[in-house]
Amino acid sequence: MTSPGRVHIVGGGVAGLAAAVTLIAKTHRVALYESSQHAGGRCRSFLDPELGCLIDNGNHLLLAGNTAALAYIERIGALDTFERPAEAAIPFIDLAGGERWELRPSQGAVPWWLLSAARRVPGTRPSDYLEALRLRHAALDATVAEVLDPRSLLFHRLWQPLAVAALNTSAEQGSARLFWRVLAETLGRGGSACRALVPREGLSESLIDPALALLRRKGADIRFGARLRAINFAEGRATELLFDGDAVALGMSDSVILAVPATTAARLVPALTVPDDHAPIVNAHFRCVAPAEAPLFAGLIGGTAEWVFKKREVISVTVSAADRLVDEPAESLRERLWRDVAAAYRIPPEPVPPGRIVKERRATFRATPGQLERRPATATRWNNLHLAGDYVDSGLPATVEGAIRSGFAAAARIGRNRNPAAVVAPVATRQMETPETAEDRQRALP
Ligand SMILES: Cc1cc2nc3c(=O)[nH]c(=O)nc-3n(C[C@H](O)[C@H](O)[C@H](O)COP(=O)(O)OP(=O)(O)OC[C@H]3O[C@@H](n4cnc5c(N)ncnc54)[C@H](O)[C@@H]3O)c2cc1C
């Protein structure tokens, strides 16, 4: 099975797919190996037999400021599969007090919207927002709640919900610096970066299937049910991929992009340090049609549900960093979360419609300052082995945007190691691995 000059991508989540579509566009020969029978990993939709309709494994909210995701979506020709509200408006509903408002950032990076009470969080002043600038220079070990005032109304109504959603980590634990990066790339760039993109049908129809179709059209070798069990290494490079019942020998100019989750990567790559603390996300999907006037999605304050999404025949809610909920029985969660939906969409709380609870216990790594220290770079100590995945240090939290950036960064390294015979001496510690450079990050954006 030796195939010189081929790029072997292991893992068919968005990180692996982003690498694959980038490389195939540059006429590289690509083989994609996925252990399960479907691509998409933690970002996919499926036909739920209980509800009898399509649901996502979890609601995923993308914003126009997710530049890598947008580039990927354009590359796979899937822009038309998203609902894209014309205006950047993020609706919020305070379930305790019943207040409703929209955060409506103005177009450019100058935040003149802060001067309009109708565009801000009710009860806040323009000067309240300035405290977010403190996040930028926060100590590396500082958390969001240490830098922003957790007793303020703005924290309760904006910073906390955004931080928990973006980091999948409580504000008390989440890294202040990482939250700054998210804010800088979205709210900090104004309304044009805050316009939402919501998949019209499902995650697979928007982010996965179009990529697979493109790869197939361009001749990629795609193998499902191919679980990588081990990698053989010799003289500073990966030499063989061992799948169940199959071994793929790597030619001298072959490369490997390992785009599997963190714990799997740590099992396959010797002495690889990865984040090892994961946070759960709970989703509830209710088979029911939302009122026509209900917003496409909304942030919920003061309840258990945190975000609600209106789909064609389903209403879905998300709870991030849901440690307090993962052990609660599905039936009581269904009732509890439906009460929030009913209040948000002003529909009767009884009867509770058929619903499906999806608990992802290890949805993403917990974005604490300590866990960020454990993120590896794209490059490894092996010349032809590169890492991709949401846990790799993309400078962003474990999100679709971070995963896609990591895939682009890994793809950008292929072709730069043109001298495969040049052996990189194995090194002992992570600190000595080739760091991901500013240049890597720059090149990662196509
Ligand atoms: C419930 C939930 C809600 C989320 N909400 C959001 C959101 O709103 N916005 C957002 O941006 N992000 C969100 N995320 C995070 C986002 O889904 C992930 O960050 C992203 O999908 C990770 O992609 P990945 O390619 O790095 O990893 P994965 O999706 O985990 O892909 C890895 C792939 O590798 C395969 N694999 C594993 N082991 C092997 C092996 N040995 N051999 C071959 N293949 C293997 C797996 O089957 C999988 O397909 C959410 C995640 C979850 C779970």
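Before reading on, note that the structure itself is shown above.
Overview of the structure. (Residues numbered from 1 in each chain as written. Predicted model: local features only at pLDDT ≥ 70, side-chain atom pairs only at ≥ 80, totals over all residues.)

In the neighbourhood of the ligand, 37 residues make up the surrounding shell, with Gly-11, Gly-13, Gly-41, Gly-58 and Thr-399 lying closest. Only helix H1 (14-25), strand E2 (29-34), strand E15 (278-287), strand E19 (355-365) and helix H12 (400-413) provide two or more residues apiece to the shell around the ligand. Tallied by class, the residues present in the shell around the ligand amount to 15 nonpolar, 16 polar and six charged. (Near = placed C-beta within 6 Å. Helix = DSSP H or I, 4+ residues; strand = E, 2+ residues; numbered from the N terminus. Nonpolar A, V, L, I, M, F, W, Y, C, P; charged D, E, K, R; others polar.)

Moving on: the sheet that holds E15. Strands sit in the order E8-E7-E16-E17-E18-E15-E19 across an open sheet of seven strands; the sheet is mixed. The open sheet terminates on both sides in strands that have one partner only, identified here as strand E8 (100-103) and E19. The average angle at which neighbouring strand axes cross in this sheet is 25°, direction not considered. For strand E7 (residues 90-94) and strand E16 (residues 297-301), the ladder comprises three bridges, and the chain directions are parallel. The residue bridging Asp-94 from the neighbouring strand is Ile-301, located in E16. Lying on the sheet, helix H5 (residues 153-167) is in contact with E7, E16 and strand E17 (307-310); it crosses E16 at an angle near 115°. (Pairing = 2+ DSSP bridges. Axes fitted to C-alpha atoms, helices over the stretch in contact; angles between N-to-C directions. Contact = placed C-beta atoms within 7 Å.)

Let us look at the pairing of strand E3 (residues 45-48). The two faces of a sheet get side chains in turn, since along a regular strand they alternate between them. Relative to strand E4 (residues 53-56), E3 runs antiparallel, the two sharing four bridges. Bridge pairing in E4 links Leu-47 to Leu-54.

The next subject is the packing of H1 against H12. At a closest axis distance of 7 Å, the pairing of H1 and H12 adopts a crossing angle of 40°. In terms of their interaxial angle, H1 and H12 are classed as oblique. In the packing of H1 onto H12, the handedness of the crossing is right-handed. Here Val-14, Ala-15, Gly-16, Leu-17, Ala-18, Ala-19, Thr-22 and Leu-23 of H1 lie close against H12, whose contacting residues are Val-400, Ala-403, Ile-404, Ser-406, Gly-407, Phe-408, Ala-410 and Ala-411. (Parallel < 35°, antiparallel > 145°, perpendicular 65-115°, else oblique. Left-handed = near helix turned anticlockwise from the far one by under 90°.)

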